[in-house]
Amino acid sequence: MSNAIPAHKRILLKLSGEALMGDDQFGINRATIERMVAEIVEVTKVGVQVAVVIGGGNIFRGVAGGSVGMDRATADYMGMLATVMNALALADAMDKQGLTARVMSAIGIEQVVEPYVRPKALQYLEEGKVVVFAAGTGNPFFTTDTAAALRGAEIGAEVVLKATKVDGVYTADPVKNPSATRYDKLAFDEAISRNLGIMDATAFALCRDQKLPIRVFSIVKPGALKRVVMGEDEGTLVYA
Ligand SMILES: Nc1ncnc2c1ncn2[C@@H]1O[C@H](COP(=O)(O)OP(=O)(O)O)[C@@H](O)[C@H]1O
Ligand SMILES: O=c1ccn([C@@H]2O[C@H](COP(=O)(O)OP(=O)(O)O)[C@@H](O)[C@H]2O)c(=O)[nH]1
């Protein structure tokens, strides 16, 4: 373990499903997932306990199914199953890089992964294992961002780290509006009232009420996760 002291002891890292695609159009890009895991390894080396919530948008999104006429709740269950696939791929990549990973699912699927049991998750974290939370909140009409807020609060994480394709929260979606500018930090109330689309309002509201800060940072930028964990200036802090 290095001598540097991290800014956080326990983190909840939210990885979007799309982040796993890399430059592919769909699915899981091997090189991308390996690079992400290598960054997680660096963070565990300084003694930080890491829990991950993984998205599913690279495989299936409930809203997309809903928009083509599928029952929305059914489509959302498909989306949750997509996150289980990503969680398995992520845990496999973690094992290959020497981490011990445990996948816990919010929906019962015992032959595949163990169910989410809070005390068990806490035990794994204390033991230095990386816990990957799959199947979101286990409920349709929610997102994995909300699952990140929920699990982050449950496990007593000091911060939710949202790793995404953009390097922070902008005044408007920077993909659609190139003149948008990035915030260094902003309050939850402002993020909600300005309808800044980086996370859904349910996730923001839960973190606000629990006084659980969120840091939004780039998944594409090498070393950004380590910098965030070491308390260096990176991305945007959303605070209560
Ligand atoms: N105000 C904003 N600031 C930053 N990003 C924003 C904002 N509004 C919308 N976005 C979009 O939110 C996305 C980040 O969310 P993420 O969960 O990683 O993606 P998705 O929900 O598409 O999987 C970015 O790709 C960005 O285009
Ligand atoms: O608690 C949850 C979390 C996820 N989902 C479904 O799973 C899909 C994938 O999750 P998300 O879109 O949050 O993934 P990401 O954007 O991070 O890739 C969502 O579209 C929903 O259909 C859900 O129904 N309930």
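Here goes a summary of the coordinates provided.

Rules behind the numbers
Within any chain, residue numbers begin from 1 and follow the written order of that chain's sequence. Here the convention is simple: chains get letters from A, ligands get numbers from 1, in the order in which they are written. At least 70 in pLDDT is required for a residue's local features to be given in this predicted model, at least 80 for side-chain atom pairs to be given and counted, and no such filter applies to totals for whole chains, interfaces and linings, which use all residues. Based on all heavy atoms of the structure, the side-chain values leave hydrogens and waters out of the count. Numbering of helices and strands starts at the N terminus; helices are DSSP runs of H or I of at least 4 residues and strands are runs of E of at least 2. Two things to know: the radius of gyration comes from C-alpha atoms, and the globule rule equals 2.2 Å times the number of residues to the power 0.38. To sort residues, take the accessible area from a 1.4 Å probe on protein chains only and compare it with the maximum for the residue type: under 20% means buried, over 50% means exposed, and anything in between is partly exposed. Note on contacts: a residue pair is in contact if any heavy atoms of the two residues lie within 4.5 Å. In this tally, Lys and Arg are treated as positive and Asp and Glu as negative; His is ignored, and so are the chain termini. Every charge is mapped to an atom, namely NZ of Lys, CZ of Arg, CG of Asp or CD of Glu. Polar contacts here mean pairs of N or O atoms no more than 3.5 Å apart (in protein, one a potential hydrogen donor and the other a potential acceptor; neighbouring residues in sequence count only if both atoms are side-chain atoms). Any two strands with at least two DSSP-identified bridges between them are counted as paired. In these notes, residues near a molecule or strand are those with any non-hydrogen atom within 4 Å of it. Areas reported here follow the Shrake-Rupley algorithm with a probe of radius 1.4 Å; residue values treat only the protein chains shown as occluding. Whether a set of points on the 1 Å grid over the protein atoms alone is a cavity depends on a 1.4 Å probe fitting there but being unable to get out, while an open set qualifies as a pocket with protein on both sides within 12 Å along at least five of seven lines; lining residues are those with an atom within 4 Å of a point. What decides whether a molecule sits in a cavity or pocket is whether more than half of its atoms lie within 2 Å of the grid points. Gly counts as polar in this scheme, as do all residues outside two lists: the nonpolar Ala, Val, Leu, Ile, Met, Phe, Trp, Tyr, Cys and Pro, and the charged Asp, Glu, Lys and Arg. In what follows, salt bridge is the name for a side-chain nitrogen of Lys or Arg lying within 4 Å of a carboxyl oxygen of Asp or Glu.

1. Considerations on the overall build of the chain
- Helix and strand content of the chain: 8 helices and 9 strands.
- At 17 Å, the chain has a C-alpha radius of gyration in line with the 18 Å of a compact globule built from 240 residues.
- C-alpha atoms of the chain, sized along the principal axes, occupy 55 × 45 × 35 Å.
- Burial status across the chain gives 50% buried among its 240 residues.
- Counting contacts in the chain only where the partners sit at least 6 residues apart, residues at least 24 apart contribute 72% of the total.
- Counting 26 positive and 27 negative side-chain charges, the chain places the averaged centre of each group 2 Å from the other.

2. Here's the deal with the side chain of T137
- When you line up the elements, T137 lands in the loop between β5 (130-134) and α5 (144-154).
- Overall, T137 belongs to the buried group, its relative accessible area being 14%.
- Engagement of the side chain of T137 in a polar contact is seen with the backbone nitrogen of N139, the distance being 3.1 Å.
- Leave out the neighbours within four places in its chain, and T137 touches A106, F142, T143, T146, A147 and L150.

3. So, the pairing of strand β2 (residues 49-54)
- Of all 6 residues in β2, 6 are buried; the element is thus mostly enclosed.
- Burial along β2 is two-sided: Q49, A51 and V53 and V50, V52 and I54, pointing in opposite directions, are all buried.
- Relative to β2, strand β1 (residues 10-15) runs parallel, the two sharing 6 bridges. Each bridged residue has a counterpart across the sheet, and for I11 the counterpart in β2 is V50.

4. Digging into the environment of A73
- Inspection of the secondary structure assignment puts A73 in helix α3 (residues 72-96).
- Since its relative accessible area comes to 18%, A73 is described here as buried.
- In the structure, A73 is positioned 11 residues away from V84 in sequence and 17 Å away in space, judged by C-alpha atoms.
- Once you skip the residues sitting within four places of it in the chain, A73 turns out to touch P140 and F141.

5. Re the site of ligand 2
- The local shell around ligand 2 holds 21 residues, among which G57, D76, T137, N139 and T144 are the closest.
- Backbone polar atom of N139 to a nitrogen atom of ligand 2: 2.7 Å apart, as the coordinates give it.
- In isolation ligand 2 exposes 520 Å². Once the protein is present, 93% of that is buried.
- Counting atoms within 2 Å of the grid points, the majority share of ligand 2 lands in the largest pocket.
- Take the shell around ligand 2: its biggest share by element is 3 residues, from α3.
- Looking at the shell around ligand 2 residue by residue, the class counts come to 4 nonpolar, 13 polar and 4 charged.

6. Description of the pattern of salt bridges
- Counting across every chain of the model gives 22 salt bridges.
- The shortest N-O distance in the salt bridge between E42 and K45 comes to 3.3 Å. Here E42 pairs with K45, and both are found in helix α1 (residues 30-45), just 3 residues apart, close to one helical turn.
- Of the residues examined, E42 reaches a relative accessible area of 33% and is grouped as partly exposed.
- Connected through salt bridges with shared partners, the residues R30, E34, D92 and K96 form a single ionic network.

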